[in-house]
Each structure stands twice: as C-alpha cells, then as structure tokens.
Amino acid sequence: MSAVAKGRRNQRRTTKMLEAIGFKCVTARFGRFGPTDFFGLWDCWCVKDDEWLLIQVSTNQRKGLEWREQAGLFVCPAGVKKEEWVWVDYEKEPKIYLI
C-alpha cells in the first residue's frame, strides 16, 4: 500500500470515528499537486454543538517540531481544540495528542 493511500485511509477512519459520535466533519481533499490542508496545518475540521476540533492525521509517527510550533502558534477562539491523531499500523485506535 502506498503512503498516499495509507494517509487517505487514516483520514477516512478519523472522519468516520468522529461522525459516529455526532460530529460534522470537513476534510481536506487531495488535489492534483498534493494535499491541500487547511492553512497548511489541519486535515479535518469537526463541529458538534459548541465543540470544535482541528485535527492533523498522521501515520506511524508524529509530525516534526516545526509543524508542532506552527500549530501551537495558530490562533483560534476559546473552546477550539487542536489535536494530532497518529494511527500506528495494526492498532485499532489512534494516539491522540493535544496541541
């Protein structure tokens, strides 16, 4: 399985998992020239009542320090959670890190 296919699969798994608990999700699409993340940082935006999630989906390892610094500096309203979900091969649940 290619890295792109694995990334898309994990992005779909994340979206389905959140939609199952009542979130409405908008996912960044893969364009002709590569992925088009929201603001270059987030793969999914999810909303449920007053709860908002900005999620970066990764496979097998966390994003680098530079990305984490940029994500930490990303300004958003109170009540918006910034998370990084890491799907490790052969595991049923992702590791979730708050940023």
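Predicted model, so just to flag it, every value in this text is computed and none were measured.

### Here's the deal with the environment of Phe 23
Here is step 1 of the chain: Along the chain, Phe 23 turns up in the loop between helix H1 (3-20) and strand E1 (24-27).
Here is step 2 of the chain: Here Phe 23 falls in the buried class, since its relative accessible area comes to 5%.
Here is step 3 of the chain: As a C-alpha pair, Phe 23 and Gln 56 span 33 residues in sequence and 16 Å in three-dimensional space.
Here is step 4 of the chain: Not counting chain neighbours up to four residues away, the residues in contact with Phe 23 comprise Leu 18, Cys 46, Val 47, Lys 48, Glu 51 and Leu 53.

### Some remarks on H1
Here is step 1 of the chain: With 18 residues, H1 ought to run about 26 Å at 1.5 Å a step, and its terminal C-alpha atoms sit 26 Å apart, in line with that.
Here is step 2 of the chain: Turning to H1, its buried residues number three or more, namely Lys 6, Asn 10, Gln 11, Thr 14, Thr 15 and Leu 18.
Here is step 3 of the chain: Backbone nitrogen of Ala 5 and a side-chain oxygen of the N-cap are separated by 3.2 Å at the start of H1; the cap is Ser 2.
Here is step 4 of the chain: With its phi angle positive at about 105 degrees, Gly 22 sits one or two positions after the end of H1.

### Some words on the confidence of the model for the protein
Here is step 1 of the chain: Scored by pLDDT, the protein has a mean of 88; 91% of the residues are at 70 or more.
Here is step 2 of the chain: Within the protein, the lowest mean pLDDT, 62, falls on strand E3 (residues 34-35), and the highest, 95, falls on strand E7 (residues 95-98).

### Topic: the sheet that holds strand E5 (residues 51-59)
Here is step 1 of the chain: If you trace the 5 strands from one edge of the open sheet to the other, you get E1-E4-E5-E6-E7, paired in mixed fashion. Two strands in the sheet have a free side with no partner beyond their single neighbour: E1 and E7. The sheet shows a mean angle of 25 degrees between the axes of neighbouring strands, taken without regard to direction.
Here is step 2 of the chain: Pairing between E1 and strand E4 (residues 44-48): 4 bridges, direction antiparallel. Looking at E4, one finds that Val 26 is bridged to Trp 45.
Here is step 3 of the chain: This element, H1, spans E1, E4, E5 and strand E6 (80-87) of the sheet and lies at about 155 degrees to E5.

Conventions and cut-offs
- Residues numbered from 1 in each chain as written.
- Predicted model: local features only at pLDDT ≥ 70, side-chain atom pairs only at ≥ 80, totals over all residues.
- Heavy atoms only, no water.
- Helix = DSSP H or I, 4+ residues; strand = E, 2+ residues; numbered from the N terminus.
- Buried < 20%, exposed > 50% of the residue type's maximum accessible area, 1.4 Å probe, protein only.
- Contact = heavy atoms within 4.5 Å.
- Expected span 1.5 Å × (residues − 1).
- Polar contact = N/O pair within 3.5 Å; in protein donor to acceptor, adjacent residues only side chain to side chain.
- pLDDT = per-residue confidence, 0-100.
- Pairing = 2+ DSSP bridges.
- Axes fitted to C-alpha atoms, helices over the stretch in contact; angles between N-to-C directions.

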